[in-house]
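Observations on the model geometry
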Amino acid sequence: MEIKVRNYIRILGLLLSVLGFFVIYLMLTDENPLSRYDIFYSVGAGLFFSPLVLSSSILGRVPYFLSKRIPKMFEDTTLNAEKNFKEFSVESAVGAIVFLTIVFLTIHFQ
């Protein structure tokens with residue numbers, strides 16, 4: 001399944017990748033010594049997250065090794081994801097709750 005990325009999201013992804021590389025550079029060149037968590041985060045983000053976002057933004061589609069793992073029953077929901085943000089449905093409400101819960105837990109446990 002091929003998942004295309006819209007142009008405005010491609011621009012946002014490029015800006016996010018460049019900003020991420022800049023922040024990692026600032027973290028590594030800081031005069032204060034970094035903790036193990038900071039080093040793990042900067043290397044993990046620099047080697048995993050940023051290249052995925054950057055490649056998706058440049059190519060205009062989600063890489064195949066990620067999109068092939070989406071179960072068949074979610075294909076329609078994934079391909080028409082913009083409807084989840086424009087129309088109210090149970091799927092969009094549950095998705096928003098799960099996303100906000102993950103964000104809250106990430107912020108809370110840092």
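Note that the structure is a prediction, hence the values are computed from the model and not measured. (Residues numbered from 1 in each chain as written. Predicted model: local features only at pLDDT ≥ 70, side-chain atom pairs only at ≥ 80, totals over all residues. Heavy atoms only, no water.)

**What about the overall build of the chain?**
From N to C terminus, the chain includes 6 helices and 0 strands. Along the chain, from the amino end to the carboxyl end, the secondary structure elements read α-α-α-α-α-α. Expressed as a percentage of the 110 residues in the chain, the buried residues total 16%. Taking the contacts inside the chain whose residues are at least 6 apart along the sequence as the reference set, 66% of them involve residues at least 24 apart. A total accessible area of about 9100 Å² is found for the chain, and carbon and sulfur atoms account for 70% of it. (Helix = DSSP H or I, 4+ residues; strand = E, 2+ residues; numbered from the N terminus. Buried < 20%, exposed > 50% of the residue type's maximum accessible area, 1.4 Å probe, protein only. Contact = heavy atoms within 4.5 Å. Areas by Shrake-Rupley, 256 points an atom, 1.4 Å probe, with all protein chains shown as cover.)

**Quick notes on helix H1 (residues 7–28)**
End to end, H1 covers 32 Å across 22 residues, agreeing with the expected 32 Å (1.5 Å per residue, within 8%). Here H1 has its buried residues at Gly-13, Ser-17, Ile-24 and Met-27. Along the long axis of H1, the arc covered by the buried residues comes to 95°, so they all point the same way. Those residues of H1 that are exposed and angled more than 90 degrees off the buried face are Asn-7, Tyr-8, Ile-11, Leu-12, Leu-15, Val-18, Leu-19 and Tyr-25. (Expected span 1.5 Å × (residues − 1). Arc of directions from axis to C-beta.)

**What to know about a nonpolar patch on the surface**
Together, Leu-19, Phe-22, Val-23, Tyr-25 and Leu-26 give the surface a local cluster of nonpolar side chains, amounting to about 500 Å² of exposed area. One can find Phe-22 in helix H1. (Patch = residues over 30% accessible without salt bridge, like charges linked within 9 Å, V, L, I, M, F, W, Y side chains within 5 Å. Salt bridge = Lys/Arg side-chain N within 4 Å of Asp/Glu carboxyl O.)

**Describing the side chain of Ser-56**
By the secondary structure assignment, Ser-56 is in helix H2 (residues 36–59). Within the structure, Ser-56 has its side chain in polar contact with the backbone oxygen of Leu-52 (distance 3.0 Å). Ignoring sequence-local partners within four residues, the contact set of Ser-56 consists of Val-5, Arg-61, Val-62 and Pro-63. (Polar contact = N/O pair within 3.5 Å; in protein donor to acceptor, adjacent residues only side chain to side chain.)

**Description of the confidence of the model for the chain**
On average, residues of the chain score 76 in pLDDT, and 83% of them reach the 70 mark or higher. Of all secondary-structure elements in the chain, the lowest mean pLDDT belongs to helix H5 (residues 81–86), at 62, while H1 reaches the highest, 82. (pLDDT = per-residue confidence, 0-100.)

**Observations regarding the environment of Ser-55**
Mapped onto the elements, Ser-55 comes out in helix H2. Relative accessible area serves as the criterion here: at 24%, Ser-55 is assigned to the partly exposed category. When the C-alpha atoms of Ser-55 and Gly-13 are compared, they prove to be 9.2 Å apart, with 42 residues separating the residues in sequence. Here Leu-52 takes part through its backbone oxygen, which lies 3.1 Å from a polar atom of the side chain of Ser-55.

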